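Reading the structure
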Amino acid sequence: LKPPFKKVWTHYEGGLLEFPPVILGDRIFQLDDNGMLNAINKTTGASIWSHKVGTLSASTPAVVGDSVYVTVLAGGHNGQPGRIVALNSSTGAIRWARDLPSPSESSPLVDHGQVFFGSQGGTVYSLRVSDGKVTWTYHAGGSVKASPTLSGGLLYFGDYSGQAQAISEKTGKQVWSASAGGTFYSTAAVKYGRVFLGNTNGGIYAYDAFTGKLDWTVPTGAYVYSSPAVADAPGVGPTIYLGSYDGTFRALNARSGQLVWSYNAGGKISGSATIIGRTVYFADLGQGRTYGIDISTGKVVFKTNSGSFDPVIADTQNVYLTGYGELYALTPKSR
């Protein structure tokens, strides 16, 4: 799916779209910041159903089979601020819900009949997908706002005490922990035996995935909320891509951290990057734009005056671009 693109449809949401949607089958599921979960026909952009799951949310749903799982920052009941809800993906009916003692903006991850997510109270949960029963909990030193990343039976994430850590998917037992200072909001990317993530102290960190040893760090001078995207770029090799609040989007050698290329967007980059084919996409919150850049050369191949946080996902037919309050379906003009 190569640019240039033409627009297929636009779906207008009722709230801010801070996080990207997810696709399953013929539907797109998107949670807006007002706690409204929408199921959208990916062919037409028409709404299939909507369900208010809370009053404040900031995460991407997880969809597996006939269920969709969402975490909530506010709007839980019984006096509880946080909540995780499982809904029927076909109808939007609630299957089960669990109140949480603290808010959650950690996008849930589902694997082997368990749903994993973190909370602002520092607790990481493993719940049974069938009924929401707690399998295990892990208590981090600070808020866990990132989504856990699964690789090789381990869950990787950072927290707001500045600790990056790996825990067992099955038991929740810690395998390693490493201190970086600052706070980790970035979701980790795990590839090439390393764990890559950004920190609000301005650093980009690479840890050994098996031991937690720090392999390298690169300073940017500004917040790095962005989660890295990773690719073995033609002519360049293993590379990680992410932006910083300094407005610069960087491609770094995954082995050494050495700069491969950079692009100054002129604003501030908050959200995460996505690689589709040989193009890496990111949104500039300061400029309200989305860029697509060739992963090998750093050349801009796509730009649009829409997008603020996490820009695009795709299937085999379309690219779906998240604007400030709209979702767009784009398809190559050559199609």
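Quick look at the structure, then. Quantities reported herein were computed from a predicted structural model and do not represent experimental measurements. (Residues numbered from 1 in each chain as written. Predicted model: local features only at pLDDT ≥ 70, side-chain atom pairs only at ≥ 80, totals over all residues. Heavy atoms only, no water.)

**Topic: the overall build of the chain**
Counting its secondary structure elements, the chain contains zero helices and 32 strands. A globule of 335 residues ought to have a C-alpha radius of gyration of about 20 Å, and the chain, at 19 Å, matches this closely. The principal-axis extent of the C-alpha atoms belonging to the chain is close to 50 × 50 × 30 Å. Expressed as a percentage of the 335 residues in the chain, the buried residues total 58%. (Helix = DSSP H or I, 4+ residues; strand = E, 2+ residues; numbered from the N terminus. Rg over C-alpha atoms; globule rule 2.2 N^0.38 Å. Buried < 20%, exposed > 50% of the residue type's maximum accessible area, 1.4 Å probe, protein only.)

**Details of the pattern of salt bridges**
Evaluated as defined, the whole model comprises nine salt bridges. Notably, a salt bridge pairs aspartate 26 with arginine 27, separated by 3.9 Å at the nearest N-O pair. For aspartate 26, a relative accessible area of 45% puts it in the partly exposed group. The exposure class of arginine 27 is buried, given its relative accessible area of 19%. Note that aspartate 315 and lysine 42 form a salt bridge whose closest N and O atoms lie 3.0 Å from each other. (Salt bridge = Lys/Arg side-chain N within 4 Å of Asp/Glu carboxyl O.)

**Some thoughts on the sheet that holds strand 19 (residues 194–198)**
If you trace the four strands from one edge of the open sheet to the other, you get 18-19-20-21, paired in antiparallel fashion. Two strands in the sheet have a free side with no partner beyond their single neighbour: strand 18 (189–191) and strand 21 (214–219). Taken over all neighbouring pairs, the strand axes of this sheet differ in orientation by 15° on average, direction set aside. Here five bridges tie strand 20 (residues 203–208) to strand 21, and the two strands are oriented antiparallel to one another. Among the inter-strand pairings, tyrosine 207 is bridged to a residue of strand 21, identified as leucine 214. (Pairing = 2+ DSSP bridges. Axes fitted to C-alpha atoms, helices over the stretch in contact; angles between N-to-C directions.)

**Section: the pairing of strand 29 (residues 300–304)**
When strand 28 (residues 289–294) meets strand 29, the two strands line up antiparallel, connected through four bridges. When the bridges of strand 29 are listed, threonine 290 appears paired with threonine 304. Following strand 28, the chain reverses through five residues before pairing antiparallel with strand 29; glycine 298 in that reversal takes a positive phi of roughly 80°.

**Re the sheet that holds strand 29**
Ordered by their spatial adjacency, four strands build an open sheet running 26-27-28-29, and the pairing between neighbours is antiparallel. The strands lining the two open edges of the sheet, one partner per strand, are strand 26 (274–276) and strand 29. Within this sheet the neighbouring strands show an average axis-to-axis angle of 25°, counted without direction. As judged from the three bridges shared by strand 26 and strand 27 (residues 279–284), these two strands associate in the antiparallel manner. Paired with isoleucine 276 across the two strands is threonine 279, which belongs to strand 27.

**Quick word on the environment of valine 236**
Residue position: valine 236 is located in the loop between strand 22 (229–233) and strand 23 (237–243). Assessed through its relative accessible area of 27%, valine 236 is described here as partly exposed. Along the primary structure valine 236 and leucine 252 are separated by 16 residues, whereas in three dimensions their C-alpha atoms are 10.0 Å apart. Other than its neighbours up to four places away in sequence, valine 236 contacts Val260 and Ser296. (Contact = heavy atoms within 4.5 Å.)

**Some points on the side chain of threonine 279**
Positionally, threonine 279 belongs in strand 27. Assessed through its relative accessible area of 8%, threonine 279 is described here as buried. What threonine 279 contacts, discounting residues up to four positions off in sequence, is Pro3, Thr274, Gly292, Ile293, Ile295 and Val301.

**Points about the pairing of strand 13 (residues 134–139)**
The sheet contact formed by strand 12 (residues 123–128) and strand 13 spans five bridges and is antiparallel. The partner of leucine 127 across the bridge, within strand 13, is valine 134. As consecutive antiparallel partners, strand 12 and strand 13 are separated by five residues, and within that stretch glycine 132 has a phi angle of approximately 80°, a positive value.

**Observations concerning the side chain of serine 227**
Tracing the sequence through the fold places serine 227 in the loop between strand 21 and strand 22. Of note is the side chain of serine 227, whose polar atom sits 2.9 Å from the backbone nitrogen of threonine 187. Apart from residues no more than four positions distant in its own chain, serine 227 is found in contact with Ser186, Thr187, Tyr241, Leu242, Ser272 and Ala273. (Polar contact = N/O pair within 3.5 Å; in protein donor to acceptor, adjacent residues only side chain to side chain.)

**Let's talk about unusual backbone geometry**
Cis rather than trans, the peptide bond between proline 3 and proline 4 has omega equal to 10°. Here proline 4 is to be found in the segment before strand 1 (5–12). Look at histidine 112: it is not a glycine, yet its phi comes out positive at around 50°. Following the sequence through the fold, histidine 112 ends up in the loop between strand 10 (109–111) and strand 11 (114–118). We note that tyrosine 192 has phi near 60°; this positive angle belongs to a residue other than glycine. Within the fold, tyrosine 192 resides in the loop between strand 18 and strand 19.

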